[in-house]
Amino acid sequence: MARIGLVLGGGGITGASFQIGTLMALELACDWEAEEADVIVGTSGGAYVAALVRAGRLELDSLVRTHEDPSSVADRIRSHIFHADPRLEVGRWLREGLLPGLRRPGLSLLMGSPARFGSSGLVRWVQEQVGEHAHAWPAAPTVVTAYDLAARCRVAFGTVAAPEVSLADAVAASSAIPLVFHPHTIDGVSYVDGGVTSGTHLDLVLGSDSPLDLIIVIAPMAAERSRRGAWPHERLLDRVGRRSLSEEIELVASRWPDTDVLVLQPNPAVLAVMRPNPMSATAAVPTFVETMRAMKEELARPEIWEVLERHLVSTPARR
């Protein structure tokens, strides 16, 4: 039986919707459930989807509930996730972001910076969606990435080198986007979005006890083609995401030369509804719908279907 890795990249609310739609499309096409993955790595929005998968909650109801319309879904997401928190915490910003950032200018200047929302809403959102699973850690190999502000390094929750935390705390830490959310604090340590160092962290699958046969990477922030009228920050984020992903693929290939890596990214039609703001709750349902439509064609492409058929499809090919 094929050993499968699943890498769920960052991408905010719309990125999570893209991943949910993509995983459901894979299930319909291949009769394969994401919960069967031998290893899952999740970052930011992908960390939330990883929690859904490992809790067995990846279903339509995880996005749209009975009798809800898209507007109601958006209101529910906003009411859970976005909790205003006016704290400035200037001291932490100076100590863990601004001063180190002045020595090495870049994204680090934003680490720990004042934000509009607290991270408690992210915790409650996970608790609401996965129930009792939010308070423990999945039994199957699962990694959630975040960034330790004080140590200035990646933390891979779920590995032996990382602190033991609850799934809800790990997802909140991984999703605490600088400028949007305050850092998430666990046992006195402040964490921000794992996407600040990589949108995918594909290299973490190499911690598996044996090589994988197929790694499926769903990368909302590494699109190959831009949508018409894309804002400059969209092109920049996609370019950075593609570069990091390419380096990670090369690393995996050097260690596991026989492993297939399949990367699924949003096409321009999907990007048209999920951008320019990946944190738009209003765009959650439209992104899911457009993703299902796009993936019907994407998964049927000969070069993609050949890989899926080799590793995931146990019955005669169907498209």
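Here's what I pulled together on the structure shown here. This is a predicted model, so every value here is computed, not measured.

When helices and strands are counted, the protein shows 10 helices and eight strands. For the protein, contacts bridging at least 24 residues in sequence account for 75% of all contacts bridging at least 6. Roughly 14,200 Å² of accessible area belongs to the protein as shown, and the carbon and sulfur atoms make up 54% of that amount.

This next bit is on the packing of aromatic side chains. The full count for this structure, using the stated rule, is five aromatic pairs. Taken together, a centroid distance of 6.0 Å and an interplanar angle of 5° make the contact between Phe82 and Phe181 stacked. Residue Phe82 is found in the loop between helix H3 (70-81) and helix H4 (90-103), and its partner Phe181 is found in the loop between helix H6 (167-175) and strand S5 (184-186); the two are separated by 99 residues along the sequence. Pair check on accessibility: Phe82 and Phe181 agree, each one buried.

With that out of the way, let us pick up the pairing of strand S4 (residues 153-157). Note: strand S3 (residues 142-148) against S4, five bridges, orientation antiparallel. Of the residues in S4, the one forming a bridge with Tyr147 is Arg154. Joining the antiparallel neighbours S3 and S4 is a turn of four residues, in which Arg152 adopts a positive phi near 55°.

With that out of the way, let us pick up the nonpolar core. Counting 79 residues, the largest nonpolar core has Leu6, Leu23, Trp32, Phe157, Ile216, Leu299 and Leu308 as its most contacted members. Beyond its immediate sequence surroundings of up to four residues, Ile216 is in contact with Ile4, Gly5, Leu6, Val7, Leu26, Trp32, Leu262, Leu264 and Leu312. Of all hydrophobic cores here, the second largest spans 18 residues; its members include Val7, Val41, Val143 and Ala222.

Buried residues dominate H6, accounting for eight of its nine residues. For H6, the complete set of buried residues consists of Leu167, Ala168, Ala170, Val171, Ala172, Ala173, Ser174 and Ser175.

Glancing now at the side chain of Ser198. Along the chain, Ser198 falls in the loop between strand S6 (189-193) and strand S7 (214-218). When its relative accessible area of 5% is taken as the criterion, Ser198 is described as buried. Of the polar contacts made by the side chain of Ser198, one reaches the backbone nitrogen of Thr200; its length is 3.1 Å. A polar contact of 2.6 Å, which involves the side chain of Ser198, links it to the side chain of Glu248.

Within this structure, the stated rule accounts for 14 salt bridges. Here Arg3 ties to Asp209 by a salt bridge, and the two come within 3.5 Å at their closest N and O atoms. In this pair, Arg3 is assigned in the segment before strand S1 (4-8) and Asp209 in the loop between S6 and S7, connecting sequence segments 206 residues apart. For Asp209, a relative accessible area of 74% puts it in the exposed group. Close ionic contact of Asp238 with Arg275 constitutes a salt bridge, the shortest N to O distance being 3.0 Å. One end of the pair, Asp238, is in helix H7 (residues 232-255); the other, Arg275, is in the loop between helix H8 (268-274) and helix H9 (284-298), with 37 residues separating them in the sequence. Classification of Arg275 by relative accessible area gives buried; the value is 9%. A cluster of three or more residues bridged by salt bridges with shared partners is formed by Arg227, Glu234, Asp238 and Arg275.

Here H7 contains 24 residues, and its C-alpha end-to-end distance of 35 Å stays within 8% of the 34 Å for a straight helix at 1.5 Å per residue. Within the sequence span of H7, burial applies to Glu234, Asp238, Gly241, Ser244, Leu245, Glu248 and Val252.

Orientation of helix H1 (residues 12-30) relative to helix H2 (residues 45-54), taken along the N-to-C sense of each, is 40°, at an axis distance of 8 Å. The pairing of H1 with H2 is recorded here as oblique in orientation. Handedness of the crossing formed by H1 with H2: right-handed. Within the contact between the two elements, H1 uses Gly12, Ala16, Gln19, Ile20 and Leu23 and H2 uses Gly45, Gly46, Tyr48, Val49, Leu52 and Val53. Residues belonging to the contact of H1 with H2 are distributed by class as follows: seven nonpolar, four polar and no charged.

Cut-offs used in this document
- Residues numbered from 1 in each chain as written.
- Predicted model: local features only at pLDDT ≥ 70, side-chain atom pairs only at ≥ 80, totals over all residues.
- Heavy atoms only, no water.
- Helix = DSSP H or I, 4+ residues; strand = E, 2+ residues; numbered from the N terminus.
- Contact = heavy atoms within 4.5 Å.
- Areas by Shrake-Rupley, 256 points an atom, 1.4 Å probe, with all protein chains shown as cover.
- Phe/Tyr/Trp six-rings, centres within 6.5 Å; stacked < 30°, edge-to-face > 60°.
- Buried < 20%, exposed > 50% of the residue type's maximum accessible area, 1.4 Å probe, protein only.
- Pairing = 2+ DSSP bridges.
- Core = buried A, V, L, I, M, F, W, Y, C linked by side-chain atoms within 4.5 Å.
- Polar contact = N/O pair within 3.5 Å; in protein donor to acceptor, adjacent residues only side chain to side chain.
- Salt bridge = Lys/Arg side-chain N within 4 Å of Asp/Glu carboxyl O.
- Expected span 1.5 Å × (residues − 1).
- Axes fitted to C-alpha atoms, helices over the stretch in contact; angles between N-to-C directions.
- Parallel < 35°, antiparallel > 145°, perpendicular 65-115°, else oblique.
- Left-handed = near helix turned anticlockwise from the far one by under 90°.
- Nonpolar A, V, L, I, M, F, W, Y, C, P; charged D, E, K, R; others polar.

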